[in-house]
Amino acid sequence: MKKQIIISAVIIVAGLILAGAGCGTGDGEKIINGQEEKTTGTEKEIKKDDINVNSGVTQEELDRLKADIEGMEYEDLNGLKK
Amino acid sequence: MKKNWLIAAIIASLLFQVGVVSAATSGEAKQNWLAEKQARIEADAAYRQAQLDYAANKTSENEQKIVDTAKTVLGAALDEAEAWLNWKKAESEEDTAVPENIRQNIVNDVVKNLAKIDGLREEVSGIETRLEVGTVFLKILGAYVELLVDVARNTGAAWTYIAYQRAGVAADYETKLRTAAEKLDNNNEIIAKLDIVKAEISLAKNKINTAEASYEKVFLPGTPLIKFSEGNGYLRQARENLINAHFQLTRAFDLIVLENK
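Note that the coordinates shown come from a computational prediction; the quantities given were computed from them, not determined experimentally.

Novice: Can you walk me through the overall build of chain B in this structure?
Specialist: Within chain B one finds 7 helices and 0 strands. When the helices and strands of chain B are listed from N to C terminus, the series reads α-α-α-α-α-α-α. Principal-axis analysis of the C-alpha atoms places the extent of chain B at approximately 85 × 65 × 30 Å. Within chain B, buried positions represent 39% of all 261 residues. Counting contacts in chain B only where the partners sit at least 6 residues apart, residues at least 24 apart contribute 78% of the total.

Structure below.
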């Protein structure tokens, strides 16, 4: 009985792993409106080294705002006509 | 006995997988909607062609073609509506930037309207004659808009909320950069760019206001899908203003960096 429970658990876990394969978002990837954007380690380092100009705004914040604005998409509903 | 538990384990595993797959991301749900939309457009073209063929040659074969293609296009329209509702549900569940009450309204309306689709499918599959095509087509046409109208209105509310947020962030950065620029001696060019930013944000906010007014008219009776498209049009214009504002914000930021070197 114990053996049966262990084998059942192995089948379920294997199924879940297979179902999850490819669904996750890898390290260094972000999804903006369904589109994946990859950032490399080098890009991350550059952003960390942003020059602080005492402007109250960073390059990273400006980049994020740009991505947010560009991600504003509006799809019409044309649908069915007689 | 041994076989029974093995089969039960495999079935349980498959059910888990179905659960995982059905919990699609909003990106996947959008792609699914676009595919269903394309299928409906193609089915619609086939139905129009069948009508033309029957008008040219009134045979029983061509009459049956009208019935068959009408059933296909109506089914495809329901698939498209279902896929759109599922996309909006997935989007609402994911987008935590939108207030909880708007997201919950969308999810509730989606669940309510998805439940109506099966009944409509039965009506479509019951069509047998060309005469029934006309009556069921009109019925589905009305039901199709009813399925989408509440979710469309709330989607508009979510989109305007997000657009106001983006405009607010841009205005905040403009204020911060202006404060920094005012401390500099050589700041004329920077201030000029920030003035453009201010004007673009003001235009964007006006268009967002107008879009909001259009979305509030997404109701039946009326022309809700046209009002929805109008709202979308104003938000697209606001997006362009915000892109222009961001471009000038970046230029102003670069000039401040140069002046501080």
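Novice: What is the right way to look at unusual backbone geometry in this model?
Specialist: Glycine aside, negative phi is the norm for most residues, and most peptide bonds take the trans geometry. Here B:Leu220 and B:Pro221 are connected by a cis peptide whose omega angle stands at 0°. Checked against the element boundaries, B:Pro221 lands in the loop between helix H6 (188–215) and helix H7 (224–260).

Novice: Just checking my understanding: could you explain the confidence of the model for chain B for this structure?
Specialist: A low pLDDT means the predicted coordinates there should not be read in detail. Residue and element names in this part refer to chain B. Of all residues in chain B, 91% have pLDDT values of 70 or greater, and the mean over the chain is 91. For residues 11–22, every residue scores under 50 in pLDDT, and the model assigns this stretch 14 contacts once sequence neighbours within four places are set aside. Prediction confidence for the complex, expressed as pTM and ipTM, is 0.75 and 0.81 respectively.

Novice: Looking at this structure, how should I read the environment of B:Tyr215?
Specialist: Looking at the element boundaries, B:Tyr215 is found in helix H6. In this structure, the C-alpha to C-alpha distance between B:Tyr215 and B:Gly119, residues 96 residues apart in sequence, is 28 Å.

Novice: Can you help me understand helix H4 (residues 100–125) of chain B in this one?
Specialist: An α-helical turn contains 3.6 residues, so a residue and the one three or four places further along point in the same direction. All names here are of chain B. An ideal rise of 1.5 Å per residue puts 38 Å on 26 residues; H4 measures up with 38 Å between its terminal C-alpha atoms. Taken together, the buried positions of H4 are occupied by Arg 103, Ile 106, Asp 109, Val 110, Leu 120 and Val 124. Taken together, the buried residues of H4 touch helix H3 (60–94) and helix H5 (130–182).

Calculation rules
- Every residue gets a number counted from 1 within its own chain, in the order that chain's sequence is written.
- Chain letters and ligand numbers both follow the written order, the letters beginning at A and the numbers at 1.
- Totals for whole chains, interfaces and linings use every residue, but because this is a predicted model, local features are given only for residues with pLDDT of at least 70 and side-chain atom pairs only at 80 or more, for both listing and counting.
- Put simply, DSSP marks the helices as runs of H or I at least four residues long and the strands as runs of E at least two long, and each gets a number from the N terminus on.
- Three exposure classes are used, based on other C-beta atoms lying within 10 Å of a residue's own C-beta, which is placed from the backbone: buried for 20 or more, exposed for 12 or fewer, and partly exposed in between.
- We call two residues in contact if the C-beta atoms placed from their backbones are at most 7 Å apart.
- Values of pLDDT, which run from 0 to 100, indicate the predictor's confidence residue by residue.
- For a helix, the expected span equals 1.5 Å multiplied by the residue count minus one.

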